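Chains, contacts and geometry: an overview
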Amino acid sequence: MGLKSAWLAVVFLFLGVAVAKNVNRLNVWPMPKWVSRGHNRVYMSQDFQLVTDGSKYIDGSEILKDGFARMLDVVKVAHVVDGDLSSVDKSLIIKGIHILIFSPDDQLNYGIAESYKLLVPSPEMPDYVHLEAQTVYGALHGLQTFSQLCHFNFTTRLIEVHMVPWTIIDQPRFSYRGLLIASGLIRLAITAEGFDGKKVYFFGICADTSRHYQPVPMIKKVIDSMAYAKLNVLHWHIVDTQSFPLEIPSYPKLWDGAYSVSERYTFSEAAEIVRHVILLYAQRRGINVLAELDVPGHALSWGHGYPSLWPSKNCQQPLDVSNEFTFKVIDGILSDFSKVFKFKFVHLGGDEVNTSCWTTTPRITKWLKEHRMNGSQAYQYFVLRAQKIALSHGFEIVNWEETFNDFGHKLSRKTVVHNWLGGGVAEQVVASGLRCIVSNQDKWYLDHLDTPWEEFYKNEPLTNITNPKQQSLVLGGEVCMWGETVDGSDIEQTIWPRAAAAAERLWTPYDNLAKDPEQVAGRLAHFRCLLNQRGVAAAPLAGLGREAPIEPGSCYVQ
C-alpha cells in the first residue's frame, strides 16, 4: 500500500481500537449543536415504551410510532437482549421515552422545523428519556441520535446508555442536505430564506435512474441510510441521454427510450414509488423527493418515441428548440409530475448544452434567423420558456449553474442555482439575489472515486460568503452520485461513508466542525461500522471511494 494508506491505517488502528475498547467517548454522527454528558450508565428496560402524554401531536398516521419501532430495531440489531435486570438497581433502569411534540401537523414540506432536545434520563421522570421537538420530523432526528447513544453489552446481554446524564440540543445548520445518486439514485438538499420570510431547510440525495435501473428495494435502503445521517432530500434524476425509464401518460411513447421492457417504471409504478416509497416511506423518515427533468440537453432518449423532438435523425440533441411540440411535451410531463411529486421544487437541468445541432440543421437554422437568435440566445430562450411552464404548474425551479453563468439576470427570481462546476459560483449567485445549492464536482461528486472523505468533510458551502443575508440564500448542499458506473451492486459503498462526511458539514454548526478532518476520523469510522451493523454496505475510510478493506481486521481500523 502507499505511504498515505499506511499512515491512515495506523491512525484508524489507534482511533478504532479506542472506539472498540472504550465506549465512554462521544460517538454521535453528525455532531449535534450542543452536548453535555456525565459519567454514569443506565439500562434499557426490555419492554422499553413510547409515551406521548402532553404532546399536541396525536400521531394519527403513526409516523412517530413507526420511527420508535425502527429505533428499537437498529438498537438491538438482531441481538438477543435477554440479560437479567433483576440484579440492576431499579433507579438505573430506563422504562421508556417520553416524546413531546408541539405541532399537531405532520405535513412534510421545505422549511419545517427539525430541531429537538434530548435528555437522558429526564430530570422530571428519571426512569424515562425525554425528547421534545417542534415537529414529528425533529423528533425522528432525536430518535436517530438516541439510537447512537445505546450500546449492546455482549457480557450482560443488555442495552446500555453510557455517560449519562445526557443533554443534547440540536438543529440543522442547512435545510438542504442532499445526496445525488445517478442511475436511479438520489440527490442532496438545501437551507434558505423563503419568500414568506420563513427559514427553508432542505437536505437530500439525488437519484439518477436513467444511467442504470435501480430497483425499489435498493432505493428504500438508500432512504433508510439517508435518515441515519440526517439527510432530507432525495433528488431523483429520472431521465437522461441514455434512457427514459418513466411512463408519461400525456406522451406514452417517451417510454420507448427505456433500456428494455423490464427496466422502466410505469406511471402507476412511479406513483407507487412516490406515494408509497416516498410519501409513505421517505416521508415517514422526513425525506422529500426532488424530481429532475433535464432539458434541453441530455435528452436523446426522448426521440426514440417521438423522433420529431430530435433536431434531425443524425443530430439528436439537444431537444428541438424550433418545434412547438417540444414545449407541449415538457408541459405534459410537468403536468403529470405535479400529480405525483408534491415537493415545491422541480429540477429542470440545463447543463452541458451543445447547440451545434441547432446551428447546423437547416430548418432550425432558418428558424433561428427568423427569430434573430444565435445558438446561445436559443439556449436562453429554451431554458426561460421551460421555467415558465414549470411555474405554471406551481413549481419553483432548480437549474444547473450554466444557466446562471450564461444569462443569470434573466432567470426567474424563483430559481435556485445548482452549483457543480467549481468554486466561486455560489458567492456570485447569492450576490445577485438568487438562491443556491452547492455540489461542486471537485469535492462533492461521489463518482469521483479519487476524492477522499477528508475533502468531502472540508468542503464549505459558505466559502467567501460573509454577508448574513447572502449566507441565508445558500440553501445547503448535495453530494452527487452519478450513475454511469453504479448500479445495485456497488451504490451503497460508493455513497458511504463519504456522504456522511458531507452530512456533518451540512448539519453541524460551523464552530463545532473539526478544522482538521483527522480529528473526526475515529468518530466517522465508528459511524461507518454502525452503518455496516445496520445492513448498509459502507466502504472503509482508508483508501479512496468504494475501496475494499486493505486486510483482515476490525471494522474500526479500516
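As recorded by an unreviewed UniProt entry, the protein chain carries the name Beta-hexosaminidase and is attributed to Salix dunnii. UniProt lists a comment for the protein chain under the heading Sequence similarities (unreviewed entry), and it reads "Belongs to the glycosyl hydrolase 20 family." Quoted verbatim from the Catalytic activity (unreviewed entry) field of UniProt, the annotation for the protein chain is "Hydrolysis of terminal non-reducing N-acetyl-D-hexosamine residues in N-acetyl-beta-D-hexosaminides."

Scanning the protein chain for helices and strands turns up 17 helices and 20 strands. For the protein chain, with 558 residues in total, the buried portion stands at 61%. The long-range share in the protein chain, meaning contacts at least 24 apart out of those at least 6 apart in sequence, stands at 74%. Element-wise, carbon and sulfur atoms account for 52% of the exposed surface of the protein chain, whose accessible area totals about 21,400 Å².

Judged by how many residues are buried, strand S18 (residues 415-419) sits mostly within the fold: five of five residues are covered. Bridge count between strand S17 (residues 396-400) and S18: four bridges; the pairing is parallel. Bridge assignment links Trp400 to a residue of S18, and that residue is His418. Following the backbone out of S17, through helix H10 (residues 402-407) and into the adjacent parallel S18, one traces a crossover that is right-handed. For S18 and strand S19 (residues 435-438), the ladder comprises four bridges, and the chain directions are parallel. Considered in S19, the bridge of Val417 is made with Cys436.

Note on placement: Glu478 falls in strand S20 (residues 474-481). Given a relative accessible area of 0%, Glu478 falls into the buried group. Here Tyr176 takes part through its side chain, which lies 2.5 Å from a polar atom of the side chain of Glu478.

Taken as a whole and judged by the stated rule, the model has two disulfides. The residue that forms a disulfide with Cys315 is Cys357, at a sulfur-sulfur distance of 1.8 Å. When the S-S torsion is -90°, as for the bridge of Cys315 with Cys357, the disulfide is left-handed. Of this pair, Cys315 sits in the loop between strand S15 (288-292) and helix H6 (324-340) while Cys357 sits in helix H7 (residues 356-360), and the two are 42 residues apart along the sequence. Here Cys315 matches Cys357 in class, with each residue buried. For Cys529, the disulfide goes to Cys555, at an S-S distance of 2.0 Å. When the S-S torsion is -115°, as for the bridge of Cys529 with Cys555, the disulfide is left-handed. One end of the pair, Cys529, is in helix H17 (residues 521-533); the other, Cys555, is in the segment after H17, and 26 residues separate them in sequence. In this structure Cys529 comes out as buried when scored by relative accessible area, which is 1%. Judged by its relative accessible area of 23%, Cys555 is partly exposed.

Here we come to the packing of helix H2 (residues 63-76) against helix H3 (residues 136-149). Running from N to C, H2 and H3 point in directions that differ by 10°, and their axes come no closer than 10 Å. As the angle between them shows, H2 and H3 are arranged roughly parallel. Taking contact as the criterion, the partners of Ile63, Leu64, Gly67, Phe68, Arg70, Met71, Val74 and Val75 in H2 are, on H3, Val136, Tyr137, Ala139, Leu140, Leu143, Phe146 and Ser147.

By size, the foremost hydrophobic cluster in this structure holds 102 residues, and its most contacted members are Leu179, Leu254, Trp302, Leu334, Phe337, Ile495 and Trp496. Counting residues per element, this core draws most heavily on helix H9 (residues 375-392), which supplies eight residues. Beyond its immediate stretch of four places on either side in the chain, Leu334 contacts Leu293, Val346, Leu348, Ala386, Ile389, Ala390, His393 and Phe395. Counting 41 residues, the second-largest nonpolar core is a separate cluster that includes Met31, Met71, Ile99 and Tyr137.

Turning our eyes to something else, we now look at H2. One turn of an α-helix holds 3.6 residues; hence residues three or four places apart share an orientation. For H2, spanning 14 residues, the distance from its first C-alpha to its last is 20 Å, which sits close to the expected 20 Å at 1.5 Å a residue. Taken together, the buried positions of H2 are occupied by Ile63, Leu64, Gly67, Phe68, Met71, Leu72, Val74 and Val75. Buried residues in H2 make contact with strand S2 (40-51), strand S3 (93-101), H3, strand S6 (150-153), strand S7 (158-164) and helix H4 (216-228). Looking at the residues trailing H2, positive phi occurs at Val77, about 40°.

Turning to H6, a few remarks are in order. Given a rise of 1.5 Å per residue, 17 residues ought to cover 24 Å, and the 25 Å separating the end C-alpha atoms of H6 matches this to within 8%. Buried within H6 are the following residues: Thr326, Phe327, Val329, Ile330, Gly332, Ile333, Leu334, Asp336, Phe337 and Val340. Measuring from the side-chain oxygen of the N-cap residue of H6 to the backbone nitrogen of Phe325 gives 2.9 Å; that N-cap residue is Asn323.

Overall, the prediction assigns the protein chain a mean pLDDT of 87, with 84% of residues at 70 or greater. Counting contacts from residues 183-212, a segment whose pLDDT is below 50, to residues more than four positions away or on other chains yields 238 contacts.

So, on to the pattern of salt bridges. Side-chain pairing between opposite charges can occur once the charged atoms of the two side chains come close. Going through the model one piece at a time under the given rule, you end up with 19 salt bridges. Of the charged contacts, one joins Glu455 and Lys443 as a salt bridge, the two residues approaching to 2.6 Å between their closest N and O atoms. With Glu455 in helix H13 (residues 453-458) and Lys443 in helix H12 (residues 441-444), the pair connects residues that are 12 residues apart, well separated along the chain. Note that Lys458 is salt-bridged to Glu455, the shortest N-O span being 3.2 Å. Highlighted residues: Lys458 and Glu455, both in helix H13, separated by three residues, approximately one helical turn. According to the relative accessible area criterion, Lys458 is partly exposed, its value standing at 42%. One network of salt bridges, in which partners are shared, links Arg173, Glu460 and Arg505.

Glancing now at the pairing of strand S5 (residues 128-133). Two faces make up the sheet, and in a regular strand the side chains alternate between them. Most of S5 is tucked away, with five of its six residues classed as buried. Alignment of S3 against S5, held across six bridges, turns out to be parallel. The residue bridging Ile101 from the neighbouring strand is Ala133, located in S5. Strand direction decides the pairing type here: strand S4 (residues 116-120) and S5, joined by four bridges, are antiparallel. Within S5, the residue paired with Tyr116 across the bridge is Ala133.

How each quantity is defined
Residues numbered from 1 in each chain as written. Predicted model: local features only at pLDDT ≥ 70, side-chain atom pairs only at ≥ 80, totals over all residues. Heavy atoms only, no water. UniProt positions renumbered as here; feature names shortened; annotations may be inferred. Helix = DSSP H or I, 4+ residues; strand = E, 2+ residues; numbered from the N terminus. Buried < 20%, exposed > 50% of the residue type's maximum accessible area, 1.4 Å probe, protein only. Contact = heavy atoms within 4.5 Å. Areas by Shrake-Rupley, 256 points an atom, 1.4 Å probe, with all protein chains shown as cover. Pairing = 2+ DSSP bridges. Right-handed = clockwise from strand over helix to strand, strands pointing away. Polar contact = N/O pair within 3.5 Å; in protein donor to acceptor, adjacent residues only side chain to side chain. Disulfide = S-S within 2.5 Å. Axes fitted to C-alpha atoms, helices over the stretch in contact; angles between N-to-C directions. Parallel < 35°, antiparallel > 145°, perpendicular 65-115°, else oblique. Core = buried A, V, L, I, M, F, W, Y, C linked by side-chain atoms within 4.5 Å. Expected span 1.5 Å × (residues − 1). pLDDT = per-residue confidence, 0-100. Salt bridge = Lys/Arg side-chain N within 4 Å of Asp/Glu carboxyl O.

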